[in-house]
Amino acid sequence: MTAPSEGTPPPTAAARRAEPPAEDRAPVDEAAAPAPEAAEPDGPAAADAADDTAETADGTTGAADDAAEGAAAGAEGTEKAGEVSEAEAELAAQRDLRARIEQRKAEKAGPIEAGAKLSGTAADLLAAVRAVESGEKSGTTFFDSPPRSGGETSTAPAPRRPAPVPVEPVRPRAPEPAGAPAASAPETVTGVRSVLAEGGAPEALAPQLADAFGERAADVLREDPWRLLSVPGVRPEQADGFARALLGAECGPGDERRTAALVTWQLEHAALQGHTALESSVVRGALAERSVPDPEEALQQAIADGEVLVFQDGIEEEAAEEATDGEESGQAAVTLLLGLDRYALAEESLADGLARLAKTGADARWEAAQATELVRAVEASGLVAHTGGEAARAEPVALAEAAGRVGLRAVVAVHSENGRRRLGPEAVTVVTVRGLLSGAEGPGRDGEGAFALDLLVVLDAPQLDVETAAMLVESMADGSRLVLSGDPGVLGSAGAGRVFADVLAARVCPQIASRTPDAGPIGELVSGIGIGELSQVEAPGKEVVIVPVRDAGEAVHRTVQLVADSVPRAIGVPPEQTQVITVGHGGSAGTRALNAALKQRLNPGPGRFGGFDPGDRVAYAPALGRTLPGTVVSADAEGLHIDCDGTPVVVPKERVESAVRHGWALTAHQAAGMRWPAAVVVLPGDAAQGLSRPWVYTAFSRGERHLSVVHGVDQALPRAVAEIPSQDRTTRLRTLLEGLLGTP
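Attention in this report is confined to the structure presented alongside it. (Residues numbered from 1 in each chain as written. Predicted model: local features only at pLDDT ≥ 70, side-chain atom pairs only at ≥ 80, totals over all residues. Heavy atoms only, no water.)

Quick notes on helix 14 (residues 341-358)
We count it as follows: Comment: elements are numbered from the N terminus, with helices defined as DSSP H or I runs of at least four residues and strands as E runs of at least two. Given a helix with a known number of residues, its expected span is that number minus one, times 1.5 Å. We call a residue buried when its accessible area falls under 20% of the maximum for its residue type, exposed when it is over 50%, and partly exposed in between, using a 1.4 Å probe and counting protein chains only.
For helix 14, which comprises 18 residues, the first-to-last C-alpha distance of 25 Å matches the rise-based estimate of 26 Å (1.5 Å per residue) to within 8%. Counting buried positions along helix 14 yields 14 of 18 residues, so the element is predominantly enclosed.

A short note on helix 6 (residues 186-199)
Residues lying three or four places apart along an α-helix face the same way, a consequence of the helix completing one turn every 3.6 residues. Cut-off, in case you're wondering: The directions considered for the arc are those from the helix axis to the C-beta atoms. Contact criterion: two residues are considered in contact whenever any of their non-hydrogen atoms come within 4.5 Å of each other.
Spanning 14 residues, helix 6 covers 20 Å between terminal C-alpha atoms, matching the ideal 20 Å at 1.5 Å per step. Along helix 6, the residues that are buried comprise Thr188, Val189, Val192, Val195, Leu196 and Gly199. One side of helix 6 holds all its buried residues, which, seen down the axis, span an arc of 125°. Projecting away from the buried face of helix 6 at angles above 90 degrees are the exposed residues Pro186, Glu187 and Thr190. Packing partners of the buried residues in helix 6 comprise helix 7 (206-213), helix 8 (217-223) and helix 9 (236-247).

Here's the deal with the pattern of salt bridges
So the rule is basically this: We define a salt bridge as a contact between a side-chain nitrogen of Lys or Arg and a carboxyl oxygen of Asp or Glu at a distance within 4 Å.
This model, assessed by the stated rule, comprises 30 salt bridges. With its nearest N and O atoms 2.8 Å apart, the salt bridge here joins Glu198 to Arg222. One end of the pair, Glu198, is in helix 6; the other, Arg222, is in helix 8, and 24 residues separate them in sequence. Glu198 gets classed as partly exposed once you look at its relative accessible area, which sits at 43%. Overall, Arg222 belongs to the partly exposed group, its relative accessible area being 39%. Salt-bridge contacts for Asp460 lead to Arg422; the nearest nitrogen and oxygen are separated by 3.9 Å. With a gap of 38 residues between them, Asp460 in the loop between strand 7 (455-458) and helix 19 (466-474) and Arg422 in the loop between helix 17 (417-421) and strand 6 (429-432) connect regions that are remote in the sequence. This pair shows no difference in class: Asp460 is buried, exactly as Arg422 is.

Details of a negative patch on the surface
As a reminder, the rule being used: A patch consists of residues whose relative accessible area exceeds 30% and which take part in no salt bridge; residues with like charges are grouped when within 9 Å of each other, and nonpolar side chains (Val, Leu, Ile, Met, Phe, Trp, Tyr) when within 5 Å. To measure how exposed things are, a 1.4 Å probe is used in the Shrake-Rupley method; for residues, cover is taken only from the protein chains shown. His is not counted here, nor are the chain ends, while Lys and Arg score as positive and Asp and Glu score as negative. Every charge is mapped to an atom, namely NZ of Lys, CZ of Arg, CG of Asp or CD of Glu.
On the surface, Glu256, Asp294, Glu297, Asp305 and Glu307 cluster together into a patch of negative charge. Take Glu256: it is sitting in helix 10 (residues 256-272).

Observations concerning the environment of Ser416
One can find Ser416 in the loop between strand 5 (410-414) and helix 17. For Ser416, the residues in contact, after removing those within four places along its chain, are Thr432, Gly673 and Met674.

Structural notes on unusual backbone geometry
Of note in this structure, Asp460 is not a glycine but carries a positive phi near 50°. For Lys542, which is not glycine, the phi torsion reads 55° and is therefore positive. You can see Lys542 is positioned in the loop between helix 21 (520-530) and strand 10 (544-548). Here Lys542 falls in the partly exposed class, since its relative accessible area comes to 31%.

Comments concerning the side chain of Ser708
As a reminder, the rule being used: For the purposes of these results, a polar contact is taken to be a pair of N or O atoms within 3.5 Å, where, inside protein, one atom must be able to donate a hydrogen and its partner to accept one; residues adjacent in sequence count only when each atom of the pair is a side-chain atom.
Within the fold, Ser708 resides in strand 19 (residues 703-711). A relative accessible area of 1% means that Ser708 is categorised as buried. A distance of 2.6 Å separates the side chain of Ser708 from the side chain of His706, its partner in a polar contact. Among all residues touching Ser708, those that are not within four sequence positions of it are Val545, Leu562, Val567, Ala679, Val680 and Val681.

Some details on the pairing of strand 4 (residues 383-387)
What counts, and what does not: Strands are labelled as partners when DSSP assigns at least two bridges between them.
Counting buried residues along strand 4, 5 of its 5 residues qualify, which places the element largely inside the surrounding structure. Along strand 4, one buried face is formed by Leu383, Ala385 and Thr387 and the opposite face, lined by Val384 and His386, is buried too. With 5 bridges joining them, strand 4 and strand 8 (residues 481-486) adopt parallel strand pairing. The partner of His386 across the bridge, within strand 8, is Ser485. In terms of strand pairing, strand 4 meets strand 9 (residues 511-513) through 3 bridges, oriented parallel. Counterpart to Ala385 in the pairing with strand 9 is Gln511.

Here it is as structure tokens:
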């Protein structure tokens, strides 16, 4: 085998933004359940057939491909004994979030003095409540108290909030994996299996349905077979086949149960592509494509039943009413948005929280820090956006270090252990976002439930989905500072929303653009891609190598050659530190084909546990939108033992097939937010339609020292960089922020 020679990238072209790729975004969400019309094997083998061909209405499979990698699992593997599962901790955090939303919405619009508590009537009420709760005074005392003279209230500001004592993270006993089959009674699961078998649906769905609907799960399915769509991955045509088998002649395309389920499914499916809402016309069109006789009536019924919510953001109420009534007002037609309450709740809560932070006044404590552009921005505002590439990550980290030197409590949050590793020796407290939310990492919370810190820096902010961001912001104390830092050129989050992009677009807070470029040939190449230009770069140390191929078979062969031989020999990066990235899971050069070839070469074995052997590189999807790279250590009766960047994880054996895949090759969405010493990007001919500027930008920037491009798409590559724009996600956050903060 010989090391590949350098090639010349296609010529320069003009710039526009781009959309996440087609195949790289979604097989499993559409594949977790095989077609109910035929008996098919359980697990990924059944899912793979569907996820190769599943497409969305706009012709792309979208981020849902990677977001749904763990959807069929429905739960995470258990951690070591003595630790709370992330799934349970996240559920608890969501409950806490919802309990505080109404309280946040009642806050006044004025600036919040940094470090100050409530004042005036609010402070009096809080003191009264605490006095009663502590037993210091009776509940009637305050009803009997005379009013203030003249009905006036005190205007004296409350004292500064003292630094709260950090609360030790709570680590209850390790619970059973969330959503595990044991959560439902065996007789309930058996009853559901019977109904599924009668309708020709895979019996493997029984545990999920039993967990979702409880003891009456079997009856629920008989009464409304389209409830099958509540299982991630089940498609409408599959639910239709199940319903026909159970209902016979009663089953029709206009059945109210069907139309209600289709409306909800359409919005859930859109969320997997990043949308938090859809235009009503889009939903009506999708219902028409599903042969619903009267889409408008079906939509109105779903709204009346509370299945979906209607929004008219940014429209005056009176004008909206006139447009809704169809009256001629001389104004442009009103665009109605439809959404599910979970995303509406999260987006509105997030907007309220960000507005609260953005209104926070100056904090004199930062005056002692060494003056930099970022320090001065944080001194003046409680919300700051910072943009830049990989090298620019050092700037917000230096900000956290500066905060520590002046006695402020600062934490830097990343999304994975890979992100923690890239920061090098820790001079500040570095946590993962999920660890911070669960309490497993970080300073804990103060007596009011807020993070016990003065500054939170979130790196790789484009990977924040709206629900995670809402939980973070709701946990920020009044007067604290939040810095969102990331590269706006990379692919967005696997979950719903475009939080970082919306904050930047709304321009409601200081924005600091880093002037620190990513060094070297890879940095130069990626910087050009960011402005729509794909140009040749000088790479004397073979930092960038182009490997032309004629077909997918040759692409797989050359990829294996690069990982196993050429890169280790010429660059000095071993196979375990080289990551292969391709457009999608299916196809002749997708992740499945590449992983099969790489396993055969690098770690051949019989696949003794669900297709896996010790030493296999894997991608574990513990929850929707999360990918944890790891290595198989062993397997026993408990499940598959994986080392995820130094963190031991046990995946229950019943979840292995749906939550774990081989991981020598990943999609760009799975790889976003992570980097490796070397990256091999595979672009076979059939990948051309899945390319876009953000996809290329993300994939090409995953290698730290070396990038090999297995190139078989000819001019499709420069055309994607220059001409294929990103399809905007439909979200409400920007409009909500502009409304709250008065931005035109």
